[in-house]
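# Survey of secondary and tertiary structure
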Amino acid sequence: MNAKVEKQINGLSVSAKPIYKEGVLPAYWTCAINERIIGKTFSSASEAFSFVRNIKRQRH
């Protein structure tokens, strides 16, 4: 399954996409905020969404 997961977080459009190397589980996940890919990888979609929530908190 190569499905992108999308959420709205604090007014931002956030998507997480699995990247497969070998096997049935993703090797890592990438994340985009408002369609701009960020240069960090994550172990799960949940980790990517938590990262975005924490960025938004740090700005305030």
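Parameters and conventions
- Residues numbered from 1 in each chain as written.
- Predicted model: local features only at pLDDT ≥ 70, side-chain atom pairs only at ≥ 80, totals over all residues.
- Heavy atoms only, no water.
- Core = buried A, V, L, I, M, F, W, Y, C linked by side-chain atoms within 4.5 Å.
- Buried < 20%, exposed > 50% of the residue type's maximum accessible area, 1.4 Å probe, protein only.
- Helix = DSSP H or I, 4+ residues; strand = E, 2+ residues; numbered from the N terminus.
- Contact = heavy atoms within 4.5 Å.
- Pairing = 2+ DSSP bridges.

Take the nonpolar core next. Residues Ile9, Leu12, Val14, Ala16, Trp29, Cys31, Ile33, Phe42, Ala45, Ala48, Phe49 and Val52 constitute the largest nonpolar core, which totals 12 residues. Of all the secondary-structure elements, those providing two or more residues to this core are strand E2 (12-19), strand E3 (28-33) and helix H1 (45-59). In this structure Phe49 touches Val5, Lys7, Ile9, Val14, Ser15 and Ala16, once residues within four positions along its chain are discounted.

For the rest of this paragraph, the subject is the sheet that holds strand E1 (residues 5-9). In spatial order, the strands read E1-E2-E3-E4; together these four strands make up an open sheet with antiparallel pairing. Every interior strand has two partners, whereas the edge strands, E1 and strand E4 (36-37), have only one. Note: E2 against E3, six bridges, orientation antiparallel. Within E3, the residue paired with Ile19 across the bridge is Tyr28.

With respect to the element layout, Lys17 can be found in strand E2. As a C-alpha pair, Lys17 and Lys4 span 13 residues in sequence and 4.5 Å in three-dimensional space.

Sheet topology note: the E3/E4 ladder contains two bridges and is antiparallel. Bridge pairing in E4 places Ile33 opposite Arg36. Remark: two residues form the turn of the hairpin made by E3 and E4, two consecutive strands paired antiparallel; Asn34 in that turn has positive phi of roughly 50°.

The next point concerns the environment of Glu35. Examined against the element boundaries, Glu35 turns out to sit in the loop between E3 and E4. The class of Glu35 is exposed, set by a relative accessible area of 77%. Glu35 sits 23 residues away from Leu12 along the chain, and the two C-alpha atoms are 9.7 Å apart.

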